[in-house]
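Fold and contact review
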Amino acid sequence: MFYDEGFLWSNITLLEHMKETLESGDPIVRKWALVESNYVPFLFSLLYVVFVKSLGPSLMRNRKPFNLRNVMILYNFLLVTTYLACVLSLAYFFFTTDAYEKVCYPSEVRKGHYTYWAAYAGWIIYLLKYIEFSDTVFFILRKKTHLITNLHVIHHALLPIIGWFLFRSERSGFQFVPGVTNAIVHIVMYTYYGLAAIGPEVQKHLWWKEHLTKFQMLQFIAIIFFVLVVLPVSGCKSN
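Just so you know, these numbers come straight off a predicted model, no measurement behind them.

**Concerning the overall build of the chain**
From N to C terminus, the chain includes 10 helices and 0 strands. Along the chain, from the amino end to the carboxyl end, the secondary structure elements read α-α-α-α-α-α-α-α-α-α. In terms of overall dimensions, the chain has C-alpha extents of about 60 × 60 × 35 Å along its principal axes. Across the chain, the fraction of contacts at a sequence separation of at least 24, relative to all contacts at a separation of at least 6, is 80%. Surface accessibility of the chain: about 14,900 Å² in total, with carbon and sulfur atoms responsible for 68%. Between the averaged position of the 21 positive side-chain charges in the chain and that of its 15 negative side-chain charges there is a distance of 15 Å.

Right, here's the structure in full:
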């Protein structure tokens, strides 16, 4: 049997590097639910894709759409409340502790310390990415599958994996910036969705609907700019 030793060695090196990267995050945070496992986040995202692309539409094919108005109102405003609590907590720690001075450098999470609660708030935001699978499930149960684009599915499937990777590999506080930016956008989004779910009498006053997509795109560009330009120029250290 013939094989390329260089290719084999490079793959071994890559695997070792990946293992080292996934063990470079904070040792406390790495043990938290949906962070510790190397497989569960991928499994959940895979199950999500299978359900929304195949199983869900098949189950609803010969069924009438569900009326989920009250469920969606509750769901959206619970998300808004949770995101808002996390953002306010992170802002509080940022402005009332020495977090501002350490945001650009590796930090150690200590129980009972603000670093623990800041990481915990970030972890809650991460968990919400799994709960947000429900966005697509609601479309399916209401038989509005025409609203489910490939971009929508990819977005929801990838965000938990990105969050998992960051928690497993990063210690620096710079995650605060994209995390809070994303959370603020979701507060605006789910506020709109919650109000829109109330009915036409409220929908007619939601003049800012047309700006939601622009707001999301602006967030996307801002985060990419921050990661690819601001961080390298700033000299921030992730580990």
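**Some remarks on the environment of Pro106**
Position of Pro106 relative to the elements: it lies in the loop between α4 (99–102) and α5 (114–131). By relative accessible area, which is 34% here, Pro106 ends up partly exposed. Expressed as a C-alpha distance, the spacing of Pro106 and Lys31, which sit 75 residues apart in the sequence, is 18 Å.

**Remarks on the environment of Phe51**
Its place among the elements puts Phe51 in helix α2 (residues 40–60). Between the alpha carbons of Phe51 and Phe215 there is a distance of 29 Å; along the sequence they are 164 residues apart.

**Section: the UniProt feature "transmembrane region" (unreviewed entry) in the chain**
Within this structure's numbering, the places UniProt gives as "transmembrane region" (unreviewed entry) are residues 39–60, 72–94, 114–131, 147–167, 173–196 and 217–235. Annotation note: span residues 147–167, helix share 86%, strand share 0%, distance between end C-alpha atoms 31 Å. Across residues 173–196, the secondary structure splits into 88% helix and 0% strand, with the terminal C-alpha atoms separated by 35 Å.

**Focus: the side chain of His152**
Residue position: His152 is located in helix α7 (residues 150–169). Not counting chain neighbours up to four residues away, the residues in contact with His152 comprise Tyr48, Asp135, Thr136 and Phe139.

**What about the pattern of salt bridges?**
Per the counting criterion, the structure on display carries 2 salt bridges. Of the charged contacts, one joins Glu36 and Lys31 as a salt bridge, the two residues approaching to 3.7 Å between their closest N and O atoms. For the salt bridge of Glu132 with Lys129, the shortest nitrogen-to-oxygen distance reads 3.9 Å. You'll find Glu132 and Lys129 in the same group, each marked buried.

**Thoughts on the packing of α5 against α7**
Two elements in contact, α5 and α7, have axes separated by 8 Å at closest approach and are oriented at 155°. When the interaxial angle is binned, α5 and α7 end up roughly antiparallel. Note on packing geometry: the crossing formed by α5 with α7 is left-handed. Mapping the contact onto sequence places Ala119, Gly122, Trp123, Tyr126, Lys129 and Tyr130 in α5 and Leu159, Pro160, Gly163, Trp164 and Phe167 in α7. Its residues assigned to classes, the contact of α5 with α7 comprises 8 nonpolar, 2 polar and 1 charged.

**Description of the nonpolar core**
The tendency in soluble globular proteins is for nonpolar side chains to be buried as a group. Trp32, Tyr83, Trp123 and Tyr126 are the most contacted members of the largest nonpolar core, which has 42 residues in total. Going through the elements one at a time, α2, α3 (69–96), α5, α6 (133–141), α7 and α8 (176–198) are the ones with two or more residues in this core. Per-element accounting of this core gives the leading share, 10 residues, to α5. Setting aside anything within four residues of it in sequence, one finds Trp32 in contact with Tyr116, Ala119, Tyr120 and Trp123. If you look at the next biggest cluster of nonpolar residues, it comprises 8 residues, including Val185, Met189, Val202 and Leu206.

**A closer look at the packing of aromatic side chains**
Inspection of the entire model under this criterion finds 22 aromatic pairs. The interplanar angle of 90° and the centroid separation of 5.0 Å between the aromatic rings of Tyr75 and Phe138 together place this pair among those described as edge-to-face. Of this pair, Tyr75 sits in helix α3 while Phe138 sits in helix α6; the two residues are 63 residues apart in sequence, bridging distant segments of the chain. By the burial criterion, Tyr75 is buried, and Phe138 matches it. Ring plane angle 90° and centroid distance 6.3 Å describe the contact between Tyr75 and Tyr190, whose orientation is recorded as edge-to-face. Here the residue Tyr75 occupies a position in helix α3, and Tyr190 occupies one in helix α8, the gap between them amounting to 115 residues. With a relative accessible area of 11%, Tyr75 lands in the buried category. The class of Tyr190 is buried, set by a relative accessible area of 1%. Ring pairs connect the aromatic residues Phe44, Tyr48, Tyr126, Tyr130, Phe133 and Phe167, which therefore count as one cluster.

What counts as what
Going along each chain's sequence as written, the residues are numbered from 1 onward. Restriction of local features to residues with pLDDT of at least 70 applies here, the model being predicted, together with a cutoff of 80 or more for giving and counting side-chain atom pairs; totals for whole chains, interfaces and linings are based on all residues. Values shown for side chains rest on all heavy atoms present in the structure; no hydrogens or waters enter the calculation. Put simply, DSSP marks the helices as runs of H or I at least four residues long and the strands as runs of E at least two long, and each gets a number from the N terminus on. Contacts are assigned to residue pairs that have any heavy atoms within 4.5 Å of one another. Only the protein chains shown count as cover for residues, and the accessible areas themselves come from Shrake-Rupley with a 1.4 Å probe. Positive charges are assigned to Lys and Arg, negative charges to Asp and Glu, while His and the chain termini are left out of the count. In this description, the location of a charge corresponds to atom NZ of lysine, CZ of arginine, CG of aspartate or CD of glutamate. Per-residue accessibility, obtained with a 1.4 Å probe over protein chains only, is compared with the maximum for each type, and a residue is labelled buried under 20%, exposed over 50%, and partly exposed between these values. UniProt positions are given in the numbering used here, feature names are shortened, and annotations may be inferred rather than shown by experiment. Between Lys or Arg on one side and Asp or Glu on the other, a salt bridge is scored when a side-chain nitrogen of the former is within 4 Å of a carboxyl oxygen of the latter. Orientation is described by axes fitted as lines to C-alpha atoms, over the contacting stretch for helices, and by angles from 0 to 180 degrees between their N-to-C directions. Small angles under 35 degrees read as roughly parallel and large ones over 145 as roughly antiparallel, with 65 to 115 read as roughly perpendicular and the rest as oblique. Note on convention: near helix rotated counterclockwise from far helix by under a right angle means a left-handed crossing. Clockwise means right-handed. Ten residue types, Ala, Val, Leu, Ile, Met, Phe, Trp, Tyr, Cys and Pro, are classed as nonpolar, four, Asp, Glu, Lys and Arg, as charged, and the remainder, Gly among them, as polar. In this description, a nonpolar core means a group of buried Ala, Val, Leu, Ile, Met, Phe, Trp, Tyr and Cys residues linked to one another through side-chain atoms lying within 4.5 Å. Centres within 6.5 Å make a pair out of two Phe, Tyr or Trp rings, where for Trp the six-membered ring is used; the pair is then stacked when the planes are under 30 degrees apart, edge-to-face when over 60, and tilted otherwise.

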